[in-house]
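A closer look at the structure
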Amino acid sequence: MTVLEDIKIECSKGKVHMTLIDPAAQDPDKSATIAGEAERAGTDFFMVGGSTDIDGKRLSRCIEGIKSSADKPVIIFPGSSSMISPLADAIYFMSLLNSKSIDFLMRHQVTAAVPLRKMKIETIPMGYIIVEPGMTVGRVGQADLVRRDDAASAVSYAVAAQMFGMSLVYLEAGSGSPEHVPGSIIRRVKESLDIPLIVGGGIRTPEASAEVARAGADVIVTGTVAERAQDVYSTLEPIIRAAKL
Ligand code: 1GP
């Protein structure tokens, strides 16, 4: 079974939680600890990456760390064409749909396409849409941010992603955002899509996690909250449980 099939099956059963681990934010040992605790807390998949550009070797060491302590599939969430590794189970082959830069729309993907095929890694086509405030990824990705009151624009991007044949849509408020993507946007986008909807950025509490899930997110992503937690298990477990209620 492919990772995408696995995601779709899990989404058909209920809400899915993914833990984002940023290799630029900690060493492989800490990544391994977070992964083990997150898996125990009920996370379904790992995403590895972020907007700080790192090379494939550093990415591979982080993936090795995660795989040393957890069994769930690892998906690369790349910030550039250099963030590829054969050790992952899959990679989001993603386009930042509201970027003003051709690099994030298409060039990184063109650069990575042949190396990825040689690696024989599963590529999951994904449309990535950044909503205000966008944080670092909004700035680095030169996003023409979707305003928090502009659900219509978010819907247009998401429907375009589906028409392009992308398998997933990701609504992103930005890692460490003070606020997650508004429920009003999540609801409208979900109503307009037949493919799974991923939502992340700024989800730090069980209340926020439940709100995002209730609004229509199929996949709820958290990253920073685990990186900053003293006790990863007891911080993440209620957040994951709230998403799945
Ligand atoms: C970032 O959506 C993810 O791409 C996770 O965001 O770090 O705020 O949880 P946080």
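Figured I'd write up the structure that's included with this text. Keep in mind the model is a prediction, meaning the values are calculated, not measured.

Around the ligand sit Leu 20, Phe 77, Tyr 170, Glu 172, Ser 175, Gly 176, Gly 200, Gly 201, Gly 202, Thr 222, Gly 223 and Thr 224, and those are all the residues in its vicinity. A distance of 2.7 Å separates an oxygen atom of the ligand from a polar backbone atom of Gly 176. Within the backbone of Gly 201, one N or O atom sits 2.9 Å away from an oxygen atom of the ligand. Here the residues of the shell around the ligand sort into three nonpolar, eight polar and one charged.

Attention now moves to the pairing of strand E5 (residues 122-130). In terms of burial, E5 is a largely internal element, seven of the nine residues being buried. In this sheet, E5 lies alongside strand E4 (residues 90-96) in parallel orientation, the contact comprising seven bridges. Among the inter-strand pairings, Met 94 is bridged to a residue of E5, identified as Met 126.

Before going further, it helps to examine the environment of Val 232. By secondary structure assignment, the location of Val 232 is in helix H10 (residues 232-244). The spatial distance from the C-alpha of Val 232 to the C-alpha of Thr 33 is 8.6 Å, given a sequence separation of 199 residues. Not counting chain neighbours up to four residues away, the residues in contact with Val 232 comprise Ile 34, Glu 37, Ala 38 and Ala 226.

Think of an α-helix as 3.6 residues a turn; residues three or four steps apart then line up on the same face. Taken together, the buried positions of helix H7 (residues 183-192) are Gly 183, Ile 185, Ile 186 and Val 189. The arc that holds the buried residues of H7, viewed along the axis, is 160°, so those residues lie on one side. Buried residues in H7 make contact with helix H6 (151-163), strand E6 (168-172), strand E7 (197-200) and helix H8 (206-215).

Attention shifts here to the packing of aromatic side chains. Aromatic ring pairs are defined here through the distance separating the ring centres and the angle between the ring planes. Tallying each qualifying case throughout the model produces four aromatic pairs. Judged by centre distance (5.5 Å) and plane angle (90°), the rings of Phe 77 and Tyr 128 are edge-to-face. Here Phe 77 is found in strand E3 (residues 74-77), whereas its partner Tyr 128 is found in strand E5, with 51 residues between them in sequence. For the residue pair Phe 77 and Tyr 128, the accessibility class agrees, reading buried in each case. Judged by centre distance (5.1 Å) and plane angle (90°), the ring pair of Tyr 128 and Tyr 170 falls under edge-to-face. In this pair, Tyr 128 sits in strand E5 while Tyr 170 sits in strand E6, placing the two residues 42 residues apart along the sequence. You can call Tyr 170 buried: its relative accessible area is 1%. The ring of Tyr 233 has Arg 40 lying over it, and the distance from NZ or CZ to the ring centre is 4.2 Å.

On the surface, Ile 102, Met 106 and Val 110 cluster together into a nonpolar patch covering about 290 Å² of accessible area. If you trace the backbone, Val 110 turns up in helix H4 (residues 102-119). For Val 110, a relative accessible area of 55% translates into the label exposed.

So, about unusual backbone geometry. In this structure, Pro 133 follows Glu 132 across a cis peptide bond, with omega equal to 5°. Relative to the assigned elements, Pro 133 resides in the loop between E5 and helix H5 (135-140). One non-glycine residue, Met 135, lies in the positive phi region at around 55°. Tracing the backbone shows Met 135 in helix H5. Looking at Met 135, the relative accessible area reads 28%, which means it is partly exposed.

For the rest of this paragraph, the subject is the sheet that holds strand E8 (residues 219-222). In space, the eight strands of this closed barrel follow the order E1-E2-E3-E4-E5-E6-E7-E8, with parallel pairing throughout. Across the sheet, the mean angle separating the axes of adjacent strands is 30° when strand polarity is ignored. Across four bridges, strand E1 (residues 16-21) lies against strand E2 (residues 45-49) in parallel orientation. Across the sheet, Thr 19 pairs through a bridge with Phe 46, a residue of E2. This element, helix H2 (residues 28-40), spans E1 and E2 of the sheet and lies at about 170° to E1.

What counts, and where the lines are drawn
Residues numbered from 1 in each chain as written. Predicted model: local features only at pLDDT ≥ 70, side-chain atom pairs only at ≥ 80, totals over all residues. Heavy atoms only, no water. Near = heavy atom within 4 Å. Polar contact = N/O pair within 3.5 Å; in protein donor to acceptor, adjacent residues only side chain to side chain. Nonpolar A, V, L, I, M, F, W, Y, C, P; charged D, E, K, R; others polar. Buried < 20%, exposed > 50% of the residue type's maximum accessible area, 1.4 Å probe, protein only. Helix = DSSP H or I, 4+ residues; strand = E, 2+ residues; numbered from the N terminus. Pairing = 2+ DSSP bridges. Contact = heavy atoms within 4.5 Å. Arc of directions from axis to C-beta. Phe/Tyr/Trp six-rings, centres within 6.5 Å; stacked < 30°, edge-to-face > 60°. Lys NZ or Arg CZ within 6 Å of the ring centre and 35° of its normal. Patch = residues over 30% accessible without salt bridge, like charges linked within 9 Å, V, L, I, M, F, W, Y side chains within 5 Å. Areas by Shrake-Rupley, 256 points an atom, 1.4 Å probe, with all protein chains shown as cover. Salt bridge = Lys/Arg side-chain N within 4 Å of Asp/Glu carboxyl O. Axes fitted to C-alpha atoms, helices over the stretch in contact; angles between N-to-C directions.

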